[in-house]
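Coordinates in review
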Amino acid sequence: EDMCHYLYSTINMQDVSLDVLISRVNSVSGILQDLSQISSPALLNCSVVLVTTIFNSTSIACDDTSFFAVANAFSSILQYGKSLPPNVFSSIYSAMMSFMVTCQSRLTSGEKAIDVITETFRLSTVIGDKNAQLTAVVLPKDESATSGSGNTNFNHSSSSSNVGLSLMDFNFNIEKVV
């Protein structure tokens, strides 16, 4: 609990550089590894740290050196599954969408999709020609999944010549003791 509170109390004291972002998201992931050690206030504080950091630095969150650390931090919070308070899930979801759309904006038409598989979600985001059909866009396979998908969310954006497509699937069938 103290670690999440400390991160929360320092969030406005630092400008977010790539090193600060990586440190924060890795700290959140590390703190939330043992769910039995996390209280509701700690979860809220760590969630606010992650969401605020992502919203304040979305462009550097998509950096090659930080991308998967950010995805793992989201996953560490989402491991609470259906017991996650709705307001926390809503803010995490909004930050994930902002993260995904920003990362998508770095792609060019026809470039390989960005695919991520974590314990709690899968996502894929791609840019294609507006006139081409994007029927081949699929979520990356999760070979370790023991049950079906939780929720699949679709998001798209478009410009004069390109369309962006993002798919996200949450797996809330995981069993964790909180």
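Here goes a summary of the coordinates provided. (Residues numbered from 1 in each chain as written. Predicted model: local features only at pLDDT ≥ 70, side-chain atom pairs only at ≥ 80, totals over all residues. Heavy atoms only, no water.)

A closer look at the overall build of the protein
This is how it is decided: Numbering goes from the N terminus for both helices and strands, where a helix is a DSSP run of H or I of at least four residues and a strand is a run of E of at least two. By definition, residues are in contact when any of their heavy atoms lie within 4.5 Å. Only the protein chains shown count as cover for residues, and the accessible areas themselves come from Shrake-Rupley with a 1.4 Å probe.
Within the protein, the regular secondary structure consists of 6 helices and 4 strands. Reading the secondary structure of the protein in the N-to-C direction produces α-α-α-α-α-α-β-β-β-β. Considering only intrachain contacts with a sequence separation of at least 6, the fraction spanning at least 24 residues in the protein is 67%. By element, 51% of the accessible surface of the protein is carried by carbon and sulfur atoms, the whole surface being about 9300 Å².

Some words on the pairing of strand 2 (residues 121-129)
Short version of the rule: Type-normalised accessible area, obtained with a 1.4 Å probe on protein chains alone, sets the label of each residue: buried when under 20%, exposed when over 50%, and partly exposed for intermediate values. We treat two strands as partners when DSSP finds at least two bridges between them.
The buried count for strand 2 comes to 8 of 9 residues, which makes it a mostly enclosed element. Of the strand pairs in this sheet, strand 1 (residues 114-117) and strand 2 are connected by 4 bridges, and their pairing is antiparallel. Residue pairing across strands places I114 opposite T125, the latter belonging to strand 2. Between strand 1 and strand 2, which pair antiparallel one after the other, the connecting turn spans 3 residues. Alignment of strand 2 against strand 4 (residues 162-170), held across 9 bridges, turns out to be antiparallel. Bridge pairing links I127 to G164 in strand 4.

Section: the state of the cysteines
Using the following cut-off: Our working definition of a disulfide is a cysteine sulfur pair at a distance within 2.5 Å.
Considering all chains together, one arrives at 2 disulfides under this definition. Disulfide pairing is shown between C4 and C46; the S-S distance is 1.9 Å. On the sign convention where negative is left-handed, the bridge of C4 and C46, at about -85° about the S-S bond, is left-handed. Remark: C46 occurs in helix 3 (residues 40-56) and C4 occurs in helix 1 (residues 2-10); sequence separation between them is 42 residues. Judged by relative accessible area, C4 falls into the buried class, the value being 0%. Across a sulfur-sulfur distance of 2.0 Å, C62 and C103 are joined as a disulfide pair. Handedness of the C62-C103 disulfide follows from its S-S torsion of about -95°: it is left-handed.

Some thoughts on the nonpolar core
Most often, soluble globular proteins keep nonpolar side chains buried together rather than apart. Where we set the bar: What we call a nonpolar core is a set of buried Ala, Val, Leu, Ile, Met, Phe, Trp, Tyr and Cys residues that are connected through their side-chain atoms within 4.5 Å.
Among the nonpolar cores identified, the biggest contains 46 residues, and I54, F74, I77, I92, F99 and F121 are the most heavily contacted of them. Elements represented by at least two residues in this core include exactly helix 1, helix 2 (18-31), helix 3, helix 5 (67-78), helix 6 (86-105), strand 1, strand 2 and strand 4.

Remarks on helix 5
Definition in use: Multiply 1.5 Å by the residue count of a helix minus one, and that product is the helix's expected span.
If you check helix 5, its first and last C-alpha atoms are 17 Å apart, about what 12 residues at 1.5 Å a residue would give, namely 16 Å. Burial analysis of helix 5 places 10 of its 12 residues in the buried class, the great majority of the element. Taken together, the buried positions of helix 5 are occupied by F67, A69, V70, A71, A73, F74, S75, S76, I77 and L78.

In short, the description is geometric, and any link to function would need to be established separately.
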